[in-house]
Amino acid sequence: MTSAADTAPAVPPAKRDRTHYLYIAVIVAVALGIAVGLAAPDFAVELKPVGTGFVNLIKMMISPIIFCTIVLGIGSVRKAAKVGAVGGIALVYFLVMSLVALAIGLVVGNVLDPGTGLAVTDAVRETGQAQVDAEAKSTTDFLLGVIPATIVSAFTEGEVLQTLLVALLAGFALQAMGPAGQPVLRGIEHIQRLVFRILAMIMWAAPVGAFGAIAAVTGSAGLDALKSLAVLMLGFYVTCLLFVLVVLGTLLRIVSGLNLLTLFRYLGREFLLILSTSSSESALPRLIAKMEHLGVSKPVVGITVPTGYSFNLDGTMIYMTMASLFIADAMGTPMGVGEQIPLLLFLLVASKGAAGVTGAGLATLAGGLQSHKPALVDGIGLIVGIDRFMSEARALTNFAGNAVATVLIGTWTKEIDKERVGEVLAGRLPFDEKTLLDDGHGGAAAPAGDTEVPDPRAGGAQDGEKELAKA
């Protein structure tokens, strides 16, 4: 008892101080990146590999983190039907929210009508056609692409849905093994600790990555592009903001009784990371860790977050709607509602393969237009200049949607510890930035036992620590 009392007060201040300086450095790096991008655009564009390298370091950790999280979550649940219920509710919710986002983008796009009067030059046409190289997958190709070539290639190719499939199979297999599967679960728990510790080390490169990413974005899109396309860009930002505050905020308040801004304050560092890298994937591993720390059970987090990153792209939906209408107007071939709806429903399906990486939305839009309405592809070049800036709003909106979805689905399935949520959001249970795990206090590192639903505050966590020490 005394040793625990001695160590508990000593650890949080050290963690808080170090990470506090880290994220101050990220803010400074973003400001410097913008300054360099404006002052020396040619030099700034050359810094793009610095930002790309940092995002790739984080993406390198996504597959093992998803695998460990899902296997530990499912392996510790007795009833497989509970996992299926979580997945079913999640998919229905994702579909409904995607349609809502499409409808909002449709209304705003038709009201703003920003593309009228723009000229499409030969250079713009060539730029648009070049985007089709990253062609969007058909629905059949997308579904077949979920199955990896080998069980190992799911990790080596970095495909989130392939990793999700392998993890689900492994989790259900370990669940069926019963007590015989416990040693394997304990081994995976050790691996999870290692993976999260590596991720915490990588995060110290965030200021360098943020500087390179934001400098390249600012340098590549000059002020002229921003001025000519300001209406579309600002309209998109405002639409995303209203969607998040009004639609998601209202849902969160009604269903879970939580304040949206309080939840976002808890996720503030993740939003800063996304803002500086323009990639929602850069915050995926931290979202998993933070949602478990918040008090949402492992199965809900493990299924909702990875699946949401492919199926719950609210920002991408709004972007595709407004960009399609903008291009149609700019090309002098405005679409009526009868043409808009089939195109957008097609893009709804096509977007499910889009990753949360910078530029993925543009490539998916180009591929979708090429398949459904090829005449509009020439106009893609009109928005290339500001796509990077719109990508930030896309990524932030997608991330916000997945964070809210995790809490909502946890509430609907009664897989959330509301008492713990209150403590965490009030700041009385700080997140461990050093390990990204709640060692000895439940949360993400709660032991994989044979309980039906892992309790984030389970008292058995200390016994699990003793077992791990013996192992």
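Conventions adopted
- Residues numbered from 1 in each chain as written.
- Predicted model: local features only at pLDDT ≥ 70, side-chain atom pairs only at ≥ 80, totals over all residues.
- Heavy atoms only, no water.
- Helix = DSSP H or I, 4+ residues; strand = E, 2+ residues; numbered from the N terminus.
- Buried < 20%, exposed > 50% of the residue type's maximum accessible area, 1.4 Å probe, protein only.
- Areas by Shrake-Rupley, 256 points an atom, 1.4 Å probe, with all protein chains shown as cover.
- Core = buried A, V, L, I, M, F, W, Y, C linked by side-chain atoms within 4.5 Å.
- Contact = heavy atoms within 4.5 Å.
- pLDDT = per-residue confidence, 0-100.
- Axes fitted to C-alpha atoms, helices over the stretch in contact; angles between N-to-C directions.
- Parallel < 35°, antiparallel > 145°, perpendicular 65-115°, else oblique.
- Left-handed = near helix turned anticlockwise from the far one by under 90°.
- Nonpolar A, V, L, I, M, F, W, Y, C, P; charged D, E, K, R; others polar.
- UniProt positions renumbered as here; feature names shortened; annotations may be inferred.
- Salt bridge = Lys/Arg side-chain N within 4 Å of Asp/Glu carboxyl O.
- Arc of directions from axis to C-beta.
- Polar contact = N/O pair within 3.5 Å; in protein donor to acceptor, adjacent residues only side chain to side chain.

What to know about the overall build of the chain
Okay, so step 1: Of regular secondary structure, the chain possesses 22 helices and 0 strands.
Okay, so step 2: A burial count over the chain gives 53% of its 471 residues as buried.
Okay, so step 3: Summed over its atoms, the accessible surface of the chain is roughly 19500 Å², and 66% of this surface lies on carbon and sulfur atoms.

Thoughts on the nonpolar core
Okay, so step 1: In this structure, Leu263, Tyr266, Leu267, Met291, Leu294, Leu365 and Val404 are the most contacted members of the largest nonpolar core, which totals 110 residues.
Okay, so step 2: The biggest single contributor to this core is helix H3 (residues 48–75), with 12 residues.
Okay, so step 3: Ignoring any residue separated from it by four or fewer positions in sequence, one finds Val404 in contact with Tyr93, Leu248, Leu252, Leu260, Leu263 and Phe264.

A short note on the confidence of the model for the chain
Okay, so step 1: Taken over all residues, the pLDDT of the chain has a mean of 74, while the share at 70 or more is 71%.
Okay, so step 2: Low pLDDT, under 50, characterises residues 1–17; the stretch is placed with 4 contacts to residues that sit more than four places away or in other chains.

So, the packing of H3 against helix H8 (residues 160–177)
In a pair of packed helices, the angle between the axes and the distance between the axes together describe the arrangement.
Okay, so step 1: Direction vectors running N to C along H3 and H8 enclose 30 degrees, while the axes themselves pass 8 Å from each other. Judged by the angle between their axes, H3 and H8 are roughly parallel. Of the two elements, H3 crosses H8, and the hand of that crossing is right-handed. In this structure, H3 uses Ile62, Ser63, Ile66, Phe67, Ile70, Val71, Ile74 and Gly75 to contact H8, whose residues at the interface are Val160, Thr163, Leu164, Val166, Ala167, Leu168, Ala170, Gly171, Phe172, Leu174 and Gln175.
Okay, so step 2: Taken together, the residues of the contact of H3 with H8 sort by class into 14 nonpolar, 5 polar and no charged.

Some thoughts on the UniProt feature "transmembrane region" (unreviewed entry) in the chain
Okay, so step 1: Summarizing the sequence annotation, UniProt attributes the feature "transmembrane region" (unreviewed entry) to residues 21–41, 53–74, 86–108, 160–182, 194–217 and 229–255 in the numbering used throughout.
Okay, so step 2: A helix fraction of 100% and a strand fraction of 0% characterise residues 86–108, whose end C-alpha atoms lie 33 Å from each other.
Okay, so step 3: A distance of 26 Å separates the end C-alpha atoms of residues 160–182, which is 83% helix and 0% strand.

Here's the deal with the pattern of salt bridges
Okay, so step 1: Applying the stated rule across the entire model yields 5 salt bridges.
Okay, so step 2: Between Arg193 and Glu189 there is a salt bridge, and its shortest N-O distance comes to 4.0 Å. In this pair, Arg193 and Glu189 are both assigned in helix H9 (residues 182–202), 4 residues apart and thus about one turn of the helix distant.
Okay, so step 3: For Arg193, a relative accessible area of 17% corresponds to the buried category.
Okay, so step 4: A relative accessible area of 2% places Glu189 in the buried class.
Okay, so step 5: Within this structure, Glu270, Arg286 and Lys290 form a network of salt bridges that share partners.

Notes on helix H21 (residues 418–425)
Okay, so step 1: Along H21, the positions that sit buried rather than exposed are Arg420, Val421, Val424 and Leu425. Considered in projection along H21, the buried side chains sweep an arc of 125 degrees and stay on one side of the axis.
Okay, so step 2: Elements in contact with the buried residues of H21: helix H13 (260–266) and helix H15 (284–294).
Okay, so step 3: Structurally, the start of H21 carries an N-cap: the backbone nitrogen of Glu419 is 3.2 Å from a side-chain oxygen of Asp417.
Okay, so step 4: Looking at the residues trailing H21, positive phi occurs at Gly427, about 90 degrees.

Brief notes about the side chain of Asn312
Okay, so step 1: For Asn312, the position within the fold is in the loop between helix H16 (298–311) and helix H17 (314–330).
Okay, so step 2: A polar side-chain atom of Asn312 sits 3.2 Å from a polar atom in the side chain of Asn402.
Okay, so step 3: Aside from chain neighbours lying at most four places away, what touches Asn312 is Tyr93, Phe94, Met97, Thr307, Asn398, Gly401, Asn402 and Ala405.

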